[in-house]
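If you want the building blocks of each chain, they are given just below.
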Amino acid sequence: MRCAVFGASGGIGGAITRALAARDDVSEVHAGSRHGAVPQGPRIHPFRFDTRDEAGLDHAVAAIGAPLDLVVIAIGRLTRADGSGPEKALRQLSAAALAEQFADNAIAPAMIARAVLPLLPRQSRWVMATLSARVGSIGDNRLGGWHAYRASKAALNMLWRTIAVECARTHPHGVLAALHPGTVNTALSAPFQRGVPADKLFSPDQSAAALLAVIDRLTPADSGGLFAWDGSAIAW
Ligand SMILES: NC(=O)c1ccc[n+]([C@@H]2O[C@H](COP(=O)([O-])OP(=O)(O)OC[C@H]3O[C@@H](n4cnc5c(N)ncnc54)[C@H](OP(=O)(O)O)[C@@H]3O)[C@@H](O)[C@H]2O)c1
């Protein structure tokens, strides 16, 4: 398999990159990052990308070359660039926070999908998985809070579903999936781990192994779905 991981500098993206590079059925892992360091290894090919520069993104992705059998988009943010957020109450919400969260969690993955589409085979299986979050489920939302993050992940889920409908017509063997990685011990979750039982806090390697097992089992009939780390479907 030829694979690409966007966000390979992140906790989960890095672990997925390392796990893929260790597999016998993987020939290349193209490990992309905006500015962070990515894992190193014999089958790992680092690259840089910026989702705000469409032409530059197209260029970076085209350099990977076709075909891509697996694309994992592991980017996203819970707090803002200035460290604030997520909101506990509506009065803390700002238009700037919404714009920033939508840019990082919904718009950036969608622009990656747009750039990657020409590299996806029409006659064989591929998977394009994006890391989403259970809190982006509208049907599952009973706790409230985290307005901008939740809404941006709900938008991501809708984008993935919409792209899946389109790809089913042109790429019948392809699968688009949005995945909830569990609560994972990374920089993103570090400030919010209080109260999470130890057996519910995954290491990045545990989450990566679980997510790749889910990805391996996905079929075109699953395309457009939102799935948890254990393979269970999550309500929209
Ligand atoms: N950790 C959890 O408990 C948890 C739970 C549910 C869902 N998730 C989701 O899982 C995904 C990965 O999270 P993580 O825990 O691995 O976080 P992380 O360690 O903070 O990594 C996040 C990665 O996203 C990249 N990134 C953020 N915004 C970007 C943008 N606009 N363009 C390019 N790269 C961008 C960062 O790149 P730079 O280093 O270049 O900034 C970094 O590589 C996120 O989508 C998150 O919402 C995580």
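None of these values were measured; they are calculated from a predicted model.

Basis of the calculations
Every chain's residues receive numbers from 1 upward, in the order its sequence appears when written. Where local features are concerned, this predicted model is filtered to residues with pLDDT of at least 70; where side-chain atom pairs are given and counted, the filter is 80 or more; whole-chain, interface and lining totals use all residues. With hydrogens and water stripped out, all remaining heavy atoms of the structure feed into the side-chain values. Classification of ring pairs uses Phe, Tyr and Trp, with its six-membered ring standing for Trp, and accepts pairs whose centres are within 6.5 Å; under 30 degrees between planes counts as stacked, over 60 as edge-to-face, and the remaining range as tilted. The rule is simple: take the accessible area with a 1.4 Å probe, protein chains only, and divide by the maximum for that residue type; under 20% is buried, over 50% is exposed, in between is partly exposed. Each helix is a run of DSSP H or I of at least 4 residues and each strand a run of E of at least 2, with the numbering of both proceeding from the N terminus. Whether a residue is near a molecule or strand depends on its heavy atoms: it is near if one of them lies within 4 Å of it. A 3.5 Å cut-off defines polar contacts: any pair of N or O atoms within that distance qualifies, except that in protein one atom must be a possible hydrogen donor and the other a possible acceptor, and neighbouring residues in sequence count only when both atoms are side-chain atoms. Note on areas: these come from Shrake-Rupley sampling with a 1.4 Å probe, and a residue is covered only by the protein chains present in the view. Here the nonpolar group is Ala, Val, Leu, Ile, Met, Phe, Trp, Tyr, Cys and Pro; Asp, Glu, Lys and Arg are the charged ones; every other residue, Gly included, is treated as polar. Take the buried Ala, Val, Leu, Ile, Met, Phe, Trp, Tyr and Cys residues and link them wherever side-chain atoms come within 4.5 Å; each set so joined is a nonpolar core. Only heavy atoms enter the contact rule, under which two residues are in contact if any of them lie within 4.5 Å. Salt bridge criterion: a side-chain nitrogen from Lys or Arg within 4 Å of a carboxyl oxygen from Asp or Glu.

## Points about the packing of aromatic side chains
Any pair of aromatic rings gets described here by the distance separating the centres and the angle formed by the planes.
Alright, step 1. Tallying each qualifying case throughout the model produces six aromatic pairs.
Alright, step 2. Pairing Phe47 with Phe49 gives two aromatic rings, centres 6.1 Å apart and planes at 45°, and the pair type is tilted. Here Phe47 matches Phe49 in class, with each residue buried.
Alright, step 3. Judged by centre distance (5.5 Å) and plane angle (65°), the rings of Trp146 and Phe192 are edge-to-face. Remark: Phe192 occurs in the loop between β7 (183–184) and β8 (201–202) and Trp146 occurs in the loop between β5 (126–131) and α4 (147–170); sequence separation between them is 46 residues.
Alright, step 4. Exposure remark for Phe192: the relative accessible area of 27% places this residue in the partly exposed category.
Alright, step 5. Site record: aromatic cluster; members linked through ring pairs are Phe6, Phe47 and Phe49.

## Focus: the site of the ligand
Alright, step 1. Every one of the 28 residues lining the ligand counts as a neighbour, but Ser9, Arg34, Ile75, Tyr149 and Thr186 are closest to it.
Alright, step 2. Between the ligand and His35 there is a distance of 3.1 Å, counted from an oxygen atom to a backbone nitrogen or oxygen.
Alright, step 3. Within the backbone of Val184, a nitrogen or oxygen atom sits 2.8 Å from an oxygen atom of the ligand.
Alright, step 4. Coverage of the ligand by the protein amounts to 90% of the 900 Å² it exposes when considered alone.
Alright, step 5. Looking at the shell around the ligand, the elements with two or more residues in it are α1 (11–21), α4 and β7.
Alright, step 6. When its residues are assigned to classes, the shell around the ligand shows 10 nonpolar, 14 polar and four charged.

## What about the nonpolar core?
Alright, step 1. In this structure, Ile16, Leu20, Leu70, Leu179 and Ile215 are the most contacted members of the largest nonpolar core, which totals 31 residues.
Alright, step 2. Of all the elements in the fold, those that place two or more residues in this core are β1 (2–6), α1, β2 (28–33), β4 (70–73), β5, β6 (174–180) and α5 (204–217).
Alright, step 3. With near-sequence residues (within four places) excluded, Ile215 lies in contact with Leu70, Val72, Arg125, Val127, Ala129 and Leu179.
Alright, step 4. Phe47, Phe49, Ala115 and Leu119 belong to the second-largest nonpolar core, a separate cluster that totals 28 residues.

## Description of α1
Alright, step 1. Most of α1 sits out of view: eight of its 11 residues are buried.
Alright, step 2. What α1 keeps buried is the set Ile12, Gly13, Gly14, Ala15, Ile16, Thr17, Leu20 and Ala21.

## Details of the side chain of Thr79
Alright, step 1. Looking at where Thr79 falls in the secondary structure, it is placed in the loop between β4 and α3 (95–116).
Alright, step 2. Apart from residues lying up to four places away in sequence, Thr79 is in contact with Ser84, Gly85, Pro86, Gln101 and Phe192.

## Some words on the pattern of salt bridges
Alright, step 1. Considering all chains together, one arrives at seven salt bridges under this definition.
Alright, step 2. Put simply, Arg23 and Asp216 hold a salt bridge, and the shortest N to O gap is 3.3 Å. Of this pair, Arg23 sits in the loop between α1 and β2 while Asp216 sits in helix α5, placing them 193 residues apart in sequence.
Alright, step 3. Residue Arg23 is classed as buried on the basis of its relative accessible area of 18%.
Alright, step 4. Accessibility expressed as a relative area gives 43% for Asp216, which makes it partly exposed.
Alright, step 5. Residue Asp50 is joined to Arg52 by a salt bridge in which the shortest nitrogen-to-oxygen separation is 3.1 Å.
Alright, step 6. For Arg52, a relative accessible area of 71% puts it in the exposed group.

All we've got here are geometric facts, nothing functional implied.
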